[in-house]
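# A closer look at the structure
Letter by letter, the chains look like this.
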Amino acid sequence: QPAHYQPKILAGQHVVITAGPTREAIDPVRYVSNHSTGKMGFALAEACRDAGARVTLIAGPVTLPTPQGIERIDIGSAQELLAVCLKVVNQGCDIFIATAAVADYRAAEVSPQKIKKAGEQLTIQLVKNPDIVATVAQQEKRPFMVGFAAETQHMEQYASSKLVSKKLDMIAVNDVSRSDIGFGSDHNAMTVFFAENYHLVQQHLDKASKAQIAWQLVECIAKAQAAR
Ligand code: CTP
Ligand code: CA
């Protein structure tokens, strides 16, 4: 669907999207991270812009160019991501979409000097990172909250429990055990869970390009937001 055909279903709304991985330092030259490329979040940013929204994209280290007409803020660690999200959300936003693959843990202590190779084994202690989407959902100015989940098994069960525990309005789940979609791919397929008239609705989005999936997600968000 070319952009000019798309109805402005998010006109006047401010959408904040997190995208890409976070990078958790171990020492000045090393970090813990993951394979997220940010493609889904960037595709969603474009779809929201085409739907008439003002878009703020908060991105971890990715190689993608910034889409036209979108404000981009770059972050490194999960803690930096949280600080930027709270600032932007508390200034006012209508929809928060969390596609970022936040590192669940970070090094308990970041070594100020490069760690030298020594013994046969090395143990690095990790501590849990803050949950960004769950923290944003607890803010007084709570936007419509959309989460993502990547699962390899028990998709429906894990997704619906994340919807509840993180206090989300909607969650989109993809099956990362499939190698033809998800991480790094240009295609995706998802199942979306959201509340409509006090019922949990499940909608499957068949395998399509990330741009097409993004547009279908925008339609789901607009519909679920109107029903809330
Ligand atoms: N998320 C977040 N902050 C974190 C971890 C996750 O905001 N520290 C968000 C992700 O951006 C995503 C949603 O929470 O929208 C689900 O992420 P996921 O990794 O699937 O959930 P976790 O709660 O981390 O559970 P697990 O990794 O054990 O499945
Ligand atoms: Ca996680």
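An unreviewed UniProt entry lists the protein chain under the name Coenzyme A biosynthesis bifunctional protein CoaBC, with Alkanindiges illinoisensis given as the organism.

### Considerations on the sheet that holds strand 1 (residues 14-19)
If you walk across this open sheet you meet the 8 strands as 5-4-1-6-9-10-11-12, and the pairing is mixed. One side of each edge strand has no neighbouring strand; the edge strands of this open sheet are strand 5 (71-74) and strand 12 (199-209). Neighbour to neighbour, the strand axes of the sheet diverge by 15° on average, direction disregarded. The pairing of strand 6 (residues 95-98) with strand 9 (residues 144-151) spans 4 bridges and is parallel. The residue of strand 9 that forms the bridge with Ile 95 is Phe 144. Where helix 1 (residues 39-50) meets the sheet, its contacts fall on strand 1, strand 4 (54-59), strand 6 and strand 11 (187-196), and the angle it forms with strand 1 comes to roughly 170°.

### Here we look at the UniProt feature "binding site: CTP" (unreviewed entry) in the protein chain
Residues annotated by UniProt as "binding site: CTP" (unreviewed entry) correspond here to Asp 104, Lys 114, Pro 130, Asp 131, Ile 132, Val 133, Phe 148, Lys 162 and Lys 166. Across 63 residues of sequence, these annotated residues are also dispersed in space, with a maximum C-alpha separation of 37.6 Å. The topology assignment puts Lys 114 in the loop between strand 7 (105-107) and strand 8 (126-128). As for its placement among the helices and strands, Phe 148 is situated in strand 9. Residue Phe 148 is classed as buried on the basis of its 24 C-beta neighbours within 10 Å. Not counting the four nearest positions on each side in its chain, Phe 148 is found in contact with Ala 98, Thr 99 and Ala 172.

### Looking at the nonpolar core
Grouped together as the largest cluster of nonpolar side chains are 61 residues, with contacts concentrated most on Val 15, Leu 44, Cys 48, Phe 96, Val 146 and Met 170. Per-element accounting of this core gives the leading share, 8 residues, to helix 5 (residues 210-227). Beyond its immediate stretch of four places on either side in the chain, Val 15 contacts Leu 10, Cys 48, Ala 53, Val 55, Cys 93, Asp 94, Ile 95 and Ile 97.

### Some remarks on the environment of Val 133
Relative to the helices and strands, Val 133 is located in helix 3 (residues 132-137). Since 24 C-beta atoms lie within 10 Å of it, Val 133 is described here as buried. Measuring from C-alpha to C-alpha, the distance between Val 133 and Gly 147 comes to 7.2 Å, with 14 residues separating the pair along the chain.

Rules behind the numbers
- Residues numbered from 1 in each chain as written.
- Chains lettered and ligands numbered in written order.
- Predicted model: local features only at pLDDT ≥ 70, side-chain atom pairs only at ≥ 80, totals over all residues.
- Pairing = 2+ DSSP bridges.
- Helix = DSSP H or I, 4+ residues; strand = E, 2+ residues; numbered from the N terminus.
- Axes fitted to C-alpha atoms, helices over the stretch in contact; angles between N-to-C directions.
- Contact = placed C-beta atoms within 7 Å.
- UniProt positions renumbered as here; feature names shortened; annotations may be inferred.
- Buried ≥ 20, exposed ≤ 12 C-beta atoms within 10 Å, placed from the backbone.
- Core = buried A, V, L, I, M, F, W, Y, C linked by C-beta atoms within 7 Å.

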